[in-house]
2 protein chains.
Amino acid sequence: MSKETRTKLEQAVEELNYQPNMVARSLKQKSSTTIGVIVANILHVYSTQVIRAIEDLCHEKDFHLIVCNADDQPEKEKKYIEMLKAKQVDGIIAFPTGGNVALYQQLTEEGYPMVFMDRTVEGLKVDTILLDNKKAAALAADELMNKDYRHLTMVSPPLTHQITPRVERAQEFIKKVQEEDNHTRKLSTISGEIREMKGQLQELFQQKERPDAIFAMNDLTLHEVLSFLKKEKLQIPSDVAVISVDEVSFAAFYTPPLTTISQPAFEMGKKAAEILFSFILEPEKQHRSKIIRFEPTLNRRESC
Amino acid sequence: MSKETRTKLEQAVEELNYQPNMVARSLKQKSSTTIGVIVANILHVYSTQVIRAIEDLCHEKDFHLIVCNADDQPEKEKKYIEMLKAKQVDGIIAFPTGGNVALYQQLTEEGYPMVFMDRTVEGLKVDTILLDNKKAAALAADELMNKDYRHLTMVSPPLTHQITPRVERAQEFIKKVQEEDNHTRKLSTISGEIREMKGQLQELFQQKERPDAIFAMNDLTLHEVLSFLKKEKLQIPSDVAVISVDEVSFAAFYTPPLTTISQPAFEMGKKAAEILFSFILEPEKQHRSKIIRFEPTLNRRESC
DNA sequence: TTGAAAGCGCTAACAA
DNA sequence: TTGTTAGCGCTTTCAA
């Protein structure tokens, strides 16, 4: 292009206040420079941090991020996946509900760029970012057993839907406690919807053999546990010790400061986005069904 | 359409596995059935809740939501606005940085559907959703003065950028305290970046006349305050009373339970989305520059 | 170097 | 009721 035409062009752009239309561009190029993320619930701190990390990378690459809230409802998830595809989104990062296996199967067969976060889906070959949940549960079990608590209670959201992190953490925690040679410790389990949790705790604590330690599976269950202990005026850790997975904003200045096992949410989100972008930009390189585990960190404080 | 052709059509859809292409549709219709939200920082609980409310309404209306993180940087905000427009997004909900007045001005002149959240921008005629910040500050001041604390300290993020909620809350709090007839109370102010806050608190508390009450302007400053008090082993409320704007997840079961002034984030987000959709669907009705204030709620607990 | 034209997949208007 | 066609704004190819 000659210098002359260039200035002419720039002038015209200026005068007409020309704004390119990316929709037309997308139609032609078959790329929307947009990716979609389907989270179970954006209100979880973990989801927020993951979204933030993904969004940062999108910004860097001049992409946009469409955020969808599946609310753990397969129906909603399905609708979102279809809408995202119809909008020619270049790739999807999902916290899969597990209720749309056939649909996900189809997407992978079409070679649609996709990454799963936090959860695996049985039988699907999709790259997945997970916490090393066994390690997290082991860290919790060891910490409680080393301090010689005698009656451990695991508090968890529903274990019935085969949600990866819950199942893996629960299994490993139970295994660890039972593996112990002396078999002198008691282990109780509470699992159910958040709204029923306090009632279940109440029941457990009315029994003769009260737990002296609680393992809260995630941030929301931790809230329930702390709220319950407060209501019952139970002291941490003298009456009951507490340890949990997921870092919470107040852990360090709670009374007492809470021992937690945190997951590197930002790095995990960033990694998911990096993999997705490598799929989008170099589709031939897709090797699919890689599972990448991130290490949890024990933050030893004073609640156990 | 006859019944016969209908079944034929459905069959064809099935066979060819036809998926409509919304990009082509958007190009023709000049509507992307997508809206954009530009938040200052998605990591704030308030932003998350607002996004959640907007997303819920989008889902209902078969729209999609593009989430952008401006990080309070006008440059980043500008890029996002331009990208969103280029993508023919049907409307924008923004937490404006205040650094792109001309650009926003242009958008309103074009009749581009837009709603501001949380912050106003001087001289712009844009519908805006705000908290009744004066009321919130007054609630805090009254609560502390009624309990007869003598040396009040207001802790705030930087007041230099004219960010609406900060300015309004600060002004009203100061006014309320000074209005008192006896003038016997002392008032200190700390304002600055989060990372400098602990140092400033330290300094203040080393002085002879120690504050006996703190008003934390939002959730992040509250974190700093609580963290500082914990470190200094200062008891709430016997050594220092605490009250804050923004509800935090742990308020009810903290030791002591925290008195907070909460804003109805979900309703505010929902309202913003409703207004935006009314602009999009009935553009003739736009009356612009309406300011809608929501009432804060005092949650009286035990920290003051 | 510049200009012209085809076509992405859809919708809307018109014709048959 | 059904079929045909123009055109949305861009990119890409080919011709001038």
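Residues numbered from 1 in each chain as written. Chains lettered and ligands numbered in written order. Predicted model: local features only at pLDDT ≥ 70, side-chain atom pairs only at ≥ 80, totals over all residues. Heavy atoms only, no water.

Draft legend 1. Spotlight on the packing of aromatic side chains. Under the defined criterion, the tally for this structure stands at 18 aromatic pairs over all chains. Geometrically, the ring pair formed by B:Phe250 and B:Tyr254 is tilted, given 5.6 Å between the ring centres and 55 degrees between the ring planes. Residue classification places B:Phe250 among the buried residues on the basis of a relative accessible area of 0%. Under the relative-accessibility criterion, B:Tyr254 is labelled buried at 2%. Members of the aromatic cluster, each reached through a chain of ring pairs, are A:Phe250, A:Phe253, A:Tyr254, B:Phe250, B:Phe253 and B:Tyr254. Between the NZ or CZ atom of A:Lys61 and the centre of the ring of A:Phe277, over which it lies, the distance is 5.7 Å. (Phe/Tyr/Trp six-rings, centres within 6.5 Å; stacked < 30°, edge-to-face > 60°. Buried < 20%, exposed > 50% of the residue type's maximum accessible area, 1.4 Å probe, protein only. Lys NZ or Arg CZ within 6 Å of the ring centre and 35° of its normal.)

Draft legend 2. Local environment of the protein's contact with DNA strand C. In the vicinity of DNA strand C lie 14 residues, with A:Ser2, A:Lys28, B:Tyr18, B:Asn21 and B:Arg25 positioned nearest. Protein-proximal atoms of DNA strand C, defined as those within 4 Å of the protein, fall in sugar or phosphate at a share of 81%. Backbone polar atom of B:Asn21 to a phosphate oxygen of DNA strand C: 2.8 Å apart, as the coordinates give it. Ranked by residues supplied to the surface near DNA strand C, first place goes to helix 2 (residues 22–29) of chain B with four residues. Grouping the constituent residues of the surface near DNA strand C by class yields five nonpolar, five polar and four charged. (Near = heavy atom within 4 Å. Polar contact = N/O pair within 3.5 Å; in protein donor to acceptor, adjacent residues only side chain to side chain. Helix = DSSP H or I, 4+ residues; strand = E, 2+ residues; numbered from the N terminus. Nonpolar A, V, L, I, M, F, W, Y, C, P; charged D, E, K, R; others polar.)

Draft legend 3. Spotlight on the pairing of strand 4 (residues 114–117) of chain A. Residue and element names in this part refer to chain A. The side-chain alternation of strand 4 yields two buried faces, one formed by Met114 and Phe116 and the other by Val115 and Met117. Where strand 3 (residues 91–94) lies against strand 4, three bridges are found, and the strand directions are parallel. Bridge pairing links isoleucine 93 to valine 115 in strand 4. Here two bridges tie strand 4 to strand 5 (residues 128–131), and the two strands are oriented parallel to one another. Its bridge partner being in strand 5, methionine 117 is matched across the sheet by isoleucine 129. (Pairing = 2+ DSSP bridges.)

Draft legend 4. Looking closely at the environment of A:Ala53. Residues and elements named next belong to chain A. Checked against the element boundaries, alanine 53 lands in helix 3 (residues 45–60). By relative accessible area, alanine 53 is classed as buried at 7%. Separated by 219 residues in the primary sequence, alanine 53 and alanine 272 have C-alpha atoms spaced 9.2 Å apart. Setting aside residues no more than four positions away along its own chain, alanine 53 makes contact with Phe266, Gly269 and Lys270. (Contact = heavy atoms within 4.5 Å.)

Draft legend 5. Layout of the sheet that holds strand 7 (residues 186–191) of chain A. Residue and element names in this part refer to chain A. Overall, mixed pairing links the six strands, which are arranged 7-6-8-9-10-12 in an open sheet. Looking at strand neighbours, the two that pair on one side only are strand 7 and strand 12 (297–299), the edges of this open sheet. Neighbour to neighbour, the strand axes of the sheet diverge by 15 degrees on average, direction disregarded. Looking at chain direction, strand 10 (residues 259–262) and strand 12 are connected through three bridges and run antiparallel. Within strand 12, the position partnered with threonine 260 by the bridge is asparagine 299. (Axes fitted to C-alpha atoms, helices over the stretch in contact; angles between N-to-C directions.)

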